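One-letter residues, chain by chain:
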Amino acid sequence: MRRSLRVSLFALVLLGLVGGSAAFYLAQKSLTLTIDGQSREISTYAGTAGEVLADEGLTPTAHDVVLPAADATVHDGDTVVLNRARPLTLTVDGVRSEVHTTALSVDGALAELGFRADNLVLSASRSERLPLDGMDLAISTSKDVTLIADGQQRVLTTTAATAGDLLAEQGIALSATDRTSLYPTQPLLDAMVLQVTRVQVTEVVEVQPVDYSTVESPDADALTGQQTVTQKGVPGEQTVTWRVTVTDGVETGREQLSSVVTKAPVDQLVTVGTKARPAGAVPATADGLNWAALAACESGGRPDAVSGTGKYRGMYQFSTGTWAAVGGSGDPAAASAEEQTQRAQMLYARSGAGQWPHCGSRLFG
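Rules used throughout
Residues numbered from 1 in each chain as written. Predicted model: local features only at pLDDT ≥ 70, side-chain atom pairs only at ≥ 80, totals over all residues. Heavy atoms only, no water. Helix = DSSP H or I, 4+ residues; strand = E, 2+ residues; numbered from the N terminus. Buried < 20%, exposed > 50% of the residue type's maximum accessible area, 1.4 Å probe, protein only. Contact = heavy atoms within 4.5 Å. Areas by Shrake-Rupley, 256 points an atom, 1.4 Å probe, with all protein chains shown as cover. Pairing = 2+ DSSP bridges. Axes fitted to C-alpha atoms, helices over the stretch in contact; angles between N-to-C directions. Disulfide = S-S within 2.5 Å. Expected span 1.5 Å × (residues − 1). Arc of directions from axis to C-beta. Salt bridge = Lys/Arg side-chain N within 4 Å of Asp/Glu carboxyl O. Polar contact = N/O pair within 3.5 Å; in protein donor to acceptor, adjacent residues only side chain to side chain.

Participant: Sorry if this is basic, but what is going on with the overall build of the chain here?
Facilitator: The number of helices and strands found in the chain is seven helices and 18 strands. Burial status across the chain gives 31% buried among its 365 residues. Counting only contacts in the chain whose residues sit at least 6 apart along the sequence, the fraction spanning at least 24 positions is 53%. Carbon and sulfur atoms provide 54% of the accessible area of the chain, an area that totals close to 20,900 Å².

Participant: Please clarify how the sheet that holds strand β13 (residues 199–210) should be interpreted in this entry.
Facilitator: Spatially, three strands are ordered β13-β16-β17 in an open sheet, and the strand pairing comes out antiparallel. Only two strands of the sheet have a single partner each, and these edge strands are β13 and β17 (250–263). Adjacent strand axes in the sheet meet at a mean angle of 20 degrees when their direction is disregarded. The sheet contact formed by β13 and strand β16 (residues 236–247) spans 12 bridges and is antiparallel. Bridge assignment links valine 210 to a residue of β16, and that residue is glycine 236.

Participant: Which parts of the structure should I look at to understand the state of the cysteines?
Facilitator: A covalent bond bridging the sulfur atoms of two cysteines is what the word disulfide describes. This model, assessed by the stated rule, comprises one disulfide. Covalent S-S linkage joins cysteine 297 and cysteine 359, the inter-sulfur distance amounting to 1.9 Å. Disulfide cysteine 297-cysteine 359: torsion about the S-S bond near -65 degrees, hence left-handed. Placement of cysteine 297 in helix α5 (residues 291–299) and of cysteine 359 in the segment after α7 (337–351) is noted, with a sequence separation of 62 residues between them.

Participant: Whenever I open this one, α7 confuses me. Can you help?
Facilitator: Owing to its 3.6 residues per turn, the α-helix aligns residues three or four sequence positions apart on the same side. End to end, α7 covers 21 Å across 15 residues, agreeing with the expected 21 Å (1.5 Å per residue, within 8%). Three or more residues of α7 are buried, namely Gln340, Arg343, Ala344, Leu347 and Tyr348. Down the axis of α7, the smallest arc covering the buried residues is 145 degrees, so these residues share one side. Taken together, the buried residues of α7 touch α5 and α6 (320–325).

Participant: Can you walk me through the sheet that holds strand β8 (residues 135–140) in this structure?
Facilitator: Strands belonging to one sheet form pairs held by backbone hydrogen bonds; the direction of such a pair is parallel or antiparallel. What the four strands build is an open sheet, ordered β6-β5-β8-β7; its pairing is mixed. Both edges of this open sheet fall to β6 (95–101) and β7 (121–122), since each of them pairs with a single strand only. Sheet analysis places strand β5 (residues 86–92) next to β6, joined by seven bridges and oriented antiparallel. Looking at β6, one finds that leucine 88 is bridged to valine 99.

Participant: Would you mind showing me how to read the pattern of salt bridges here?
Facilitator: The full count for this structure, using the stated rule, is 13 salt bridges. The salt bridge involving arginine 254 is made with glutamate 206; its shortest N-O contact spans 3.1 Å. Of the two residues, arginine 254 sits in strand β17 while glutamate 206 sits in strand β13, which places them 48 residues apart along the sequence. On the basis of relative accessibility, which here comes to 26%, the residue glutamate 206 falls in the partly exposed class.

Participant: It is not clear to me how the environment of glycine 94 should be interpreted in this structure. Could you clarify?
Facilitator: Secondary-structure assignment places glycine 94 in the loop between β5 and β6. Counting along the chain gives 95 residues from glycine 94 to leucine 189, while the straight-line C-alpha distance between them is 9.4 Å.

Participant: How do you make sense of the side chain of aspartate 178 when you look at a structure like this?
Facilitator: Along the polypeptide, aspartate 178 turns up in the loop between α4 (163–169) and β11 (179–180). Note on aspartate 178: relative accessible area 14%, which makes it buried. Here arginine 198 takes part through its side chain, which lies 2.8 Å from a polar atom of the side chain of aspartate 178. Engagement of the side chain of aspartate 178 in a polar contact is seen with the backbone nitrogen of valine 199, the distance being 2.9 Å. Setting aside chain neighbours within four positions, we find aspartate 178 in contact with Ala173, Thr197, Arg198 and Val199.

Participant: What is the right way to look at the side chain of threonine 32 in this model?
Facilitator: Mapped onto the secondary structure, threonine 32 falls in strand β1 (residues 29–35). Its relative accessible area of 17% is what places threonine 32 among the buried residues. Excluding residues that lie within four positions of it along the chain, threonine 32 makes contacts with Ser39, Arg40, Glu41, Asp78, Thr79 and Val80.

Participant: Is there a simple way to think about α5 in this case?
Facilitator: Residues Trp291, Leu294, Ala295 and Ser299 constitute the buried set of α5. Taken end-on, α5 shows its buried residues confined to a sector of 95 degrees, consistent with a single buried face. Here the buried face of α5 lies against α7. Downstream of α5 by one or two residues, glycine 300 has phi in the positive range, about 70 degrees.

Okay, here's the thing in structure tokens:
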């Protein structure tokens, strides 16, 4: 090969190498890379923002912010920004949610999420920096709540997160039986009503009388209709234990737990005449009998009279069972004097004056 040709070929190769180096040098660019607010200068041959980040070992996630867009072409002197998102477990007035924020501090996250009020109660300092792996943040906002407790109704402005927090804030303690209109762990919202119902459950012991029974025995020596008390009855006593429920000062329930007779009653013994009346004696009818005298003896003549034990009622001191047996209904003491006398006459016609052991003889006076 001629020397001139060889020189020409060498010159062409040298020119190609110099041109390639110049092109490679010209492709290099200087950029500003800003990551989470921290900037530094870099040199790169990357053509897009995404390639710049990849060259720096950075892989953006779905919630990160990249400026310009990852597929945007970058030029010498440009700035590539990566704001990395932090996961935030946010609990607002007891309601929990998962969010992401590119803010670097608690205060920045609050502003980004729209919580700009100054009177928020936070679980972390506003100036605290948000770590890249996130954090839990509880927020209690100000709300107006109506509180009804212990006879008072008040509208309170509070940042308490739950009903239980509000009660603690107001110094209201609950017993095991008290009730609230909201669960203690229930989040408080604006305009809610929280009512406390005081419930007391106690055992109450009462001493009550026990009625005695009347035992009748025939007396062949006494005329029919005549009765004589040979042993006066004496009421007994029983101890009754109740479980009593009082709601806001008013008794709302009573359950009997036990009943024990502490003093047995003494039966009243009565003899009943069975001897036939002689001819000419007053017949066993109402005619000609002194009902006023009987009523005066039994009850002082008062139609609404009630015995001390409550068992005997009205002018003639009917028991409710005897009153029903002669056709009466309801309370004997509530019936008219005329009806009571009519029922007493019916009773006499059926059973004689012995129905009134102490006063029956007054019918014949």
